[in-house]
Amino acid sequence: EKGGYDHFMLKEIHEQPKAITDTYRGRLLRDEAIIKMAGVEDNMKKFLNANRIIIVACGTSWHAGLVAEYIFEDLARIPVEVEYASEFRYRNPVITENDVLIAISQSGETADTLAAIKMAKSKGAFVFGVCNVVGSSIARESDAGAYTHAGPEIGVASTKAFTTQITVLSLIALRLARAKGTISSSDFRRYLLEMELIPEKVEKALEADAHIKEVSHIYKNAANFLYLGRGYNFPVALEGALKLKEISYIHAEGYPAAEMKHGPIALIDENMPIVVIATKAEHYDKVVSNIQEIKSRKGKIIGVITEGDTVVRELADHVIEVPETIEALSPLLTTIPLQLLSYHIAVMLGKNVDQPRNLAKSVTVE
Ligand code: M6R
């Protein structure tokens with residue numbers, strides 16, 4: 001049942017190229033240069049007239065929501081707020097009939113997310129669900145939606161659900177951008193082409209596995225880890241830290257790289273491994289200077305870099321390469337090494353990777 005892998009988590013990490021393909025299949029029609037998603041098409045007016053989009057979710061799904069915030073605002077120019085479902089539902093939020101609420105949930109059963117959408121519905125908002133489990137409570141409760149086609153995710157640590165959520169949300173953002181005219185047709189085509197290449201690039205990123213295992217071995221006894229990223233890769237830093245915490249029980253924190261100097265930099269010494277997502281992107285130079293600041297404080301740098309990068313390679317203690325892609329799609333690649341890093345560390349520490357202590361696959365209690 002684990003298809004030859006030692007754990008479901010590892011199997012699911014390796015399933016990502018297929019899961020992403022399954023998620024865009026039938027929706028991304030490159031030859032016709034269109035994106036076809038019935039749930040979006042049928043409700044186009046609601047999306048286009050929305051004052052804002054509110055995204056609610058928990059855990060890893062909330063991280064996917066943060067990535068979506070960047071892509072929706074960047075490409076479709078629609079204001080987005082991303083909320084923890086548990087905070088949103090209890091704080092008497094301002095919701096109107098002109099709001100669109102997107103609920104993201106792998107299981108479709110998360111109690112707080114379900115309660116948040118019921119509340120938003122009662123106030124007249126339009127609710128769109130992004131779930132993996134077909135026929136789940138959140139899928140049924142939503143006015144419309146789009147499934148991720150990740151297939152069953154058994155490991156408690158979410159992996160393929162995360163990348164397929166980002167895939168669905170990117171498709172929606174692109175579709176809306178096209179409808180609004182905030183993206184040119186040539187850029188739109190470029191995105192479709194690039195999206196189609198993502199599965200093979202994920203495959204390529206997975207090839208770093210043996211090297212990641214070596215790095216894992218070096219740092220497996222660290223008491224703390226920091227994860228840093230900027231822009232689209234800030235949420236990936238959060239997700240990397242969550243993954244490490246939940247399966248290896250090592251304390252880890254994700255931070256926007258530029259926030260480091262406002263506090264966390266005080267933690268840095270020669271015992272602190274810091275994973276820095278430093279792929280070629282708009283703020284690349286800024287990330288490089290963050291790396292220099294870490295280095296001068298003797299922190300150990302594990303850089304996630306774009307293939308062929310030499311600058312960070314020079315500075316970092318270790319580098320892990322991922323293929324080049326459009327910045328907005330880069331979380332689909334930069335996430336992969338972070339999943340593998342946490343997996344290997346947890347295995348080396350003898351932890352129960354698929355069923356970490358104190359955690360459940362779906363959190364149906366509030
Ligand atoms: O099923 P959901 O996506 O609603 O679950 C949300 C979180 O409970 C979930 O992502 C959790 O954080 C995972 N264990 C993370 O790996």
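Residues numbered from 1 in each chain as written. Predicted model: local features only at pLDDT ≥ 70, side-chain atom pairs only at ≥ 80, totals over all residues. Heavy atoms only, no water.

To continue, consider the site of the ligand. The full set close to the ligand counts 14 residues, and S61, S105, S107, T110 and E246 are the nearest of them. Within the side chain of T110, an N or O atom sits 2.4 Å from an oxygen atom of the ligand. Within the side chain of K243, an N or O atom sits 2.9 Å from an oxygen atom of the ligand. Protein chains bury 91% of the 410 Å² of accessible surface belonging to the ligand in isolation. The set of elements that each furnish at least two residues to the shell around the ligand consists of α5 (59-76) and α12 (234-248). Here the element with the most residues in the shell around the ligand is α5; it accounts for three residues. Counted by class, the shell around the ligand contains four nonpolar, eight polar and two charged residues. (Near = heavy atom within 4 Å. Polar contact = N/O pair within 3.5 Å; in protein donor to acceptor, adjacent residues only side chain to side chain. Areas by Shrake-Rupley, 256 points an atom, 1.4 Å probe, with all protein chains shown as cover. Helix = DSSP H or I, 4+ residues; strand = E, 2+ residues; numbered from the N terminus. Nonpolar A, V, L, I, M, F, W, Y, C, P; charged D, E, K, R; others polar.)

Here we take up the nonpolar core. Ranked by internal contacts, the top residues of the largest apolar core, which has 91 residues, are F72, I102, F128, F225 and Y227. Ranked by residue count, the leading element in this core is helix α9 (residues 160-180), at ten residues. When near neighbours in sequence (up to four residues on either side) are disregarded, Y227 contacts A237, G240, A241, L244, A252, E253, G254, Y255, V275, L338 and L341. Membership of the second largest hydrophobic core comes to 21 residues, among which are L226, V276, V288 and L315. (Core = buried A, V, L, I, M, F, W, Y, C linked by side-chain atoms within 4.5 Å. Buried < 20%, exposed > 50% of the residue type's maximum accessible area, 1.4 Å probe, protein only. Contact = heavy atoms within 4.5 Å.)

This paragraph deals with the confidence of the model for the protein chain. Within the protein chain, residue pLDDT values average 96, and 100% of them lie at 70 or more. Overall fold confidence for the complex sits at a pTM of 0.97, while the interface term, ipTM, reaches 0.99. (pLDDT = per-residue confidence, 0-100.)

To continue, consider the sheet that holds strand β6 (residues 126-131). Read across the open sheet, the five strands follow the order β4-β3-β5-β6-β7; overall the sheet is parallel. Bordering the open sheet on either side are β4 (80-84) and β7 (144-147), each of which pairs with just one other strand. Taking the axes of each pair of neighbouring strands and ignoring which way they run, one obtains an average angle of 20 degrees across the sheet. Two elements, strand β5 (residues 99-105) and β6, share six bridges in a ladder whose sense is parallel. (Pairing = 2+ DSSP bridges. Axes fitted to C-alpha atoms, helices over the stretch in contact; angles between N-to-C directions.)

With seven of its seven residues buried, β5 lies for the most part within the structure. With burial as the criterion, each face of β5 is covered, one bearing D99, L101, A103 and S105 and the other bearing V100, I102 and I104. Bridging between strand β3 (residues 52-57) and β5 involves five bridges; their strand directions are parallel. Within β5, the position partnered with V56 by the bridge is A103. For the crossover that starts at β5, traverses helix α7 (residues 111-122) and ends in the parallel β6, the hand is right-handed. (Right-handed = clockwise from strand over helix to strand, strands pointing away.)

This part covers the pairing of strand β10 (residues 273-277). Extensive coverage of β10 is indicated by the burial of five of its five residues. Where burial is concerned, the two faces of β10 agree: the one with P273, V275 and I277 and the one with I274 and V276 are both buried. In this structure, strand β8 (residues 224-229) lies alongside β10, joined through three bridges in parallel fashion. Looking across to β10, one finds that Y227 is bridged to V275. Across five bridges, the pairing between β10 and strand β11 (residues 300-306) is parallel.

In the structure shown here, the tally under the stated rule is five aromatic pairs. For the ring pair F47 and F128, a centre distance of 5.5 Å and an interplane angle of 70 degrees mean the geometry is edge-to-face. Of this pair, F47 sits in helix α4 (residues 44-48) while F128 is found in strand β6, placing the two residues 81 residues apart along the sequence. Relative accessible area serves as the criterion here: at 0%, F128 is assigned to the buried category. One aromatic cluster in this structure is built from F47, F126 and F128. For the cation-ring pair, R178 lies above F188, with the distance from its terminal atom to the ring centre recorded as 5.6 Å. The positively charged end of K280 is found above the aromatic ring belonging to Y284, 5.3 Å away from the centroid. (Phe/Tyr/Trp six-rings, centres within 6.5 Å; stacked < 30°, edge-to-face > 60°. Lys NZ or Arg CZ within 6 Å of the ring centre and 35° of its normal.)

This next bit is on the packing of α5 against α9. Between α5 and α9, the least distance of the axes is 9 Å, while the angle of their chain directions is 20 degrees. As summarised for this structure, α5 and α9 are arranged roughly parallel, according to the angle between their axes. Seen from above, α5 lies across α9 with right-handed handedness. In this structure, α5 uses T60, S61, H63, A64, V67, A68, I71, F72, L75 and A76 to contact α9, whose residues at the interface are F162, Q165, I166, L169, S170, I172, A173, L174, L176, A177 and K180. Here the residues of the contact of α5 with α9 sort into 15 nonpolar, five polar and one charged. (Parallel < 35°, antiparallel > 145°, perpendicular 65-115°, else oblique. Left-handed = near helix turned anticlockwise from the far one by under 90°.)

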